[in-house]
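# Structure at a glance
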Amino acid sequence: MVIHMDVITLLLVYFLSVNFIGLFLMGLDKFRAKKHLWRIPESTLFIIAIIGGSIGSIIGMHLFRHKTRHWYFVYGLPAILALQIALFLAILNSPVQIQIM
């Protein structure tokens, strides 16, 4: 069986997935911190945000009250989101047109 997905659908599935992962990892790390268990590295949390999960990571940070005392998360995650929005708008307004068959 062949499943045909257009580019917009594929990007939307990716975007939703990576943001859910960012949200989930913030909650999991908070849970593990309370139980004094092995923690998720901060670099992993930032990588998820950088690859598109910044919205989920920000929501998770506030929802679980996790990493809110670390200035590099409080200012870093919104900065990543701002850069991603700027990049998206630059691509959207680019004069280059891609023709998809």
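Residues numbered from 1 in each chain as written. Predicted model: local features only at pLDDT ≥ 70, side-chain atom pairs only at ≥ 80, totals over all residues. Heavy atoms only, no water.

## Observations regarding the packing of aromatic side chains
When we look at a pair of aromatic rings, we describe it by the centre distance and by the angle of the planes. For the coordinates displayed, the defined rule picks out four aromatic pairs. Between Trp 71 and Tyr 72 the ring centres are 5.7 Å apart and the planes differ by 85°, which places this aromatic pair in the edge-to-face class. Taking relative accessible area as the criterion, Tyr 72 reaches 29% and is therefore assigned partly exposed. Between Tyr 72 and Phe 73 the ring centres are 5.5 Å apart and the planes differ by 45°, which places this aromatic pair in the tilted class. Look at Phe 73 and you get buried, because its relative accessible area is 0%. Members of the aromatic cluster, connected to one another through ring pairs, are Phe 46, Trp 71, Tyr 72 and Phe 73. (Phe/Tyr/Trp six-rings, centres within 6.5 Å; stacked < 30°, edge-to-face > 60°. Buried < 20%, exposed > 50% of the residue type's maximum accessible area, 1.4 Å probe, protein only.)

## Looking at the pattern of salt bridges
In total, this model carries two salt bridges according to the counting rule given. Here Asp 29 makes a salt bridge to Arg 39, at a shortest N to O gap of 3.0 Å. A residue pair is termed long-range when its members are at least 10 positions apart, and Asp 29 in helix H1 (residues 7-34) and Arg 39 in the loop between H1 and helix H2 (42-63) qualify at 10 residues. The class for Asp 29 is buried, based on a relative accessible area of 0%. One salt bridge connects Glu 42 with Lys 67, and the closest N-O pair in it is separated by 3.0 Å. Here Lys 67 lies in the loop between H2 and helix H3 (71-74) and Glu 42 lies in helix H2, a separation of 25 residues in the sequence. (Salt bridge = Lys/Arg side-chain N within 4 Å of Asp/Glu carboxyl O. Helix = DSSP H or I, 4+ residues; strand = E, 2+ residues; numbered from the N terminus.)

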